[in-house]
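# Report on the structure
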Amino acid sequence: MLRKSTIWKLPLLAGLLVVQSACGSESLNSRVLVVYARNSRDSEAVARYYAHARHIPAAHLCAIKLPNPDAVLLSAEDYERNVKTPVGDCIESAGTEKILYIVLAYLRPFRVDPGGLHNYALDSYLADIWDFYSSKPFAPVPGPTHPYYADHHARDNVFLPFVSLADYRAQPDSSLIYSVWRLDGPTPDIARSLVDKAIKAEAAHGPVGQACIDERVDPEGSPDEGYSAGEWDLHRAAQFLAAAGIEVLEDQRPTEFGTPPSTNCPNTALYAGWYKYGNYNDAFTWNDGAIGFHLDSGSMLDAREGQSWSVNALKRGITVTSGAMSEPYLVGLPRPAGVFHDLLAGANAGDAFLRNTRFLKWMIINIGDPLYTPFKGGKKKP
């Protein structure tokens with residue numbers, strides 16, 4: 001079933017169209033730590049480019065030396081010695097309470113083996129650098145959700161009001177966790193362009209174009225569990241976007257956009273959907289500021305090369321994406337309804353994705369500028 005430009009009659013949810021409290025991205029520039037490999041010219045160049053573009057204090061540039069800046073995997077020993085310890089020192093120097101976002105600037109290692117159990121996302125480990133969430137690797141799957149996670153219930157249409165990471169961290173009982181992002185992609189130029197496109201879209205009051213939501217079936221009548229939970233998340237995402245006045249193309253057929261009978265998704269501003277492993281259909285034309293992510297078990301196998309969805313979206317111009325570098329299970333992927341719910345409330349990308357990804361020390365990598373706020377002040381229906 002294909003639905004286009006449908007406006008659902010649903011109540012505005014608490015927090016959906018409220019202004020992000022106290023902390024627009026202008027006041028968050030000093031709460032970013034930019035990490036780069038000092039033995040990689042490209043990494044340092046991207047870091048300095050980002051810091052200049054976002055007016056991030058020079059003291060928040062964190063240089064680390066990697067044993068091999070071209071490697072994709074770090075051992076537990078190399079992670080502790082060459083990443084965790086020096087990044088921790090940089091955070092302490094800037095202020096452990098002050099830093100909210102860690103940006104890895106074109107920094108190649110993205111996998112860490114903390115003890116021969118699995119390869120995990122380096123980024124997700126740094127998000128819990130002080131081990132508040134967990135001091136041990138998860139195997140086979142995490143149990144607890146991290147403390148900033150918003151446990152929405154898509155089928156019942158119950159969504160928590162948005163709370164910024166800054167406001168969460170200001171609470172006396174909060175945990176010192178961080179939203180970790182990469183400026184990366186197949187080339188350094190693509191990494192730098194993520195910053196330019198985010199700033200350009202903010203100046204235009206958000207990305208221009210339509211939202212495309214790719215389900216496989218209509219979830220009505222299905223329980224909010226198993227794969228049906230993913231269908232409910234996508235379906236609610238389509239409803240939120242349409243209620244905010246965004247043109248929505250919602251496809252409820254088993255084929256992906258770009259595979260007949262499903263159509264292409266031109267003029268793309270926002271996207272979420274699934275499911276074909278290790279595949280990217282060239283069905284999108286990503287406008288400046290476009291945010292999109294694909295729910296599959298290997299959507300971010302490598303941000304530089306390969307057949308996975310995210311790297312090919314980066315090649316073709318997406319501004320923000322997120323994906324799994326290894327099997328995350330459906331419950332470990334970012335939840336589309338919650339991500340778009342919070343973006344429409346005025347959240348920046350760094351807050352929206354962290355708040356709607358259940359686990360840390362797990363498999364998810366986020367690519368883009370965490371300060372990017374596509375709908376400052378909240379997106380209201382025109």
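The structure presented is a predicted model; accordingly, all values stated were derived computationally and were not measured.

About the cut-offs
- Residues numbered from 1 in each chain as written.
- Predicted model: local features only at pLDDT ≥ 70, side-chain atom pairs only at ≥ 80, totals over all residues.
- Heavy atoms only, no water.
- Salt bridge = Lys/Arg side-chain N within 4 Å of Asp/Glu carboxyl O.
- Helix = DSSP H or I, 4+ residues; strand = E, 2+ residues; numbered from the N terminus.
- Buried < 20%, exposed > 50% of the residue type's maximum accessible area, 1.4 Å probe, protein only.
- Pairing = 2+ DSSP bridges.
- Right-handed = clockwise from strand over helix to strand, strands pointing away.
- 1 Å grid on protein atoms, 1.4 Å probe; cavity = no way out; pocket = protein on both sides within 12 Å on 5 of 7 lines; lining within 4 Å.
- Points joined across faces, edges and corners; volume = space filled by probe spheres on them.
- Nonpolar A, V, L, I, M, F, W, Y, C, P; charged D, E, K, R; others polar.
- Axes fitted to C-alpha atoms, helices over the stretch in contact; angles between N-to-C directions.
- Parallel < 35°, antiparallel > 145°, perpendicular 65-115°, else oblique.
- Contact = heavy atoms within 4.5 Å.

Moving on, we come to the pattern of salt bridges. Applying the stated criterion to the full structure yields 20 salt bridges. Between Glu-44 and Arg-48 there is a salt bridge whose closest N-O contact spans 2.9 Å. Of this pair, Glu-44 and Arg-48 both sit in helix H1 (residues 41-53), 4 residues apart, roughly one helical turn. Three or more residues joined by partner-sharing salt bridges are found here, namely Glu-80, Lys-84, Asp-128, Asp-131 and Lys-361.

Further remarks concern the pairing of strand S10 (residues 248-251). Every second residue of S10 is oriented toward a common face, with Val-248 and Glu-250 on one face and Leu-249 and Asp-251 on the other, all of them buried. Judged from the 4 bridges that link them, strand S9 (residues 210-214) and S10 form a sheet pairing that is parallel. Considered in S10, the bridge of Ala-211 is made with Val-248. Taken together, S9, helix H6 (residues 226-243) and S10 constitute a β-α-β crossover, and its handedness is right-handed.

Time to look at the layout of surface pockets. Reported here for the largest pocket is a volume of approximately 200 Å³. As for the largest pocket, its lining consists of 15 residues, of which Asp-224, Ala-229, Asp-233, Arg-335 and Arg-358 are closest to the centre. Top element by residues in the lining of the largest pocket is H6. It accounts for 3 residues. Counted by class, the lining of the largest pocket contains 7 nonpolar, 3 polar and 5 charged residues. Empty space within the second largest pocket amounts to approximately 160 Å³. Together, 14 residues line the second largest pocket, and Tyr-79, Glu-80, Pro-114, Tyr-125 and Ser-135 are the ones closest to its centre. By residue number, the principal contributor to the lining of the second largest pocket is helix H2 (residues 76-94), which donates 4 residues. A breakdown of the residues in the lining of the second largest pocket according to their chemical character gives 6 nonpolar, 2 polar and 6 charged.

Okay, the packing of H1 against helix H5 (residues 188-203) next. Following both chains from N to C, one finds H1 and H5 inclined at 10°, their axes separated by 9 Å at the closest point. What the angle tells us is that H1 and H5 run roughly parallel. Each of Asp-42, Ala-45, Val-46, Tyr-49, Tyr-50 and Ala-53 in H1 lies in contact with H5, whose residues at this interface are Pro-188, Ala-191, Arg-192, Val-195, Asp-196 and Ile-199. Among the residues making up the contact of H1 with H5, the classes are represented as 9 nonpolar, no polar and 3 charged.

All right, on to unusual backbone geometry then. Phi is mostly negative for residues that are not glycine, and the peptide bonds are mostly trans. The omega torsion across Ala-139 and Pro-140 is 0°, close enough to zero to call that bond cis. By secondary structure assignment, the location of Pro-140 is in the loop between helix H3 (122-126) and helix H4 (165-169). Positive phi outside glycine occurs at Tyr-106, with the angle close to 40°. Here the phi dihedral of Asn-157 falls at roughly 60°; this positive angle occurs in a residue that is not glycine. Mapping Asn-157 onto the fold places it in the loop between H3 and H4.

With respect to the secondary-structure elements, Asp-123 resides in helix H3. For the pair Asp-123 and Val-180, spaced 57 residues apart in sequence, the C-alpha to C-alpha distance is 5.8 Å. Not counting residues up to four positions away in its chain, the partners in contact with Asp-123 are Leu-104, Phe-110, Val-180, Arg-182, Ile-364 and Ile-365.

Note that all results are geometric; they support no functional claim without further evidence.
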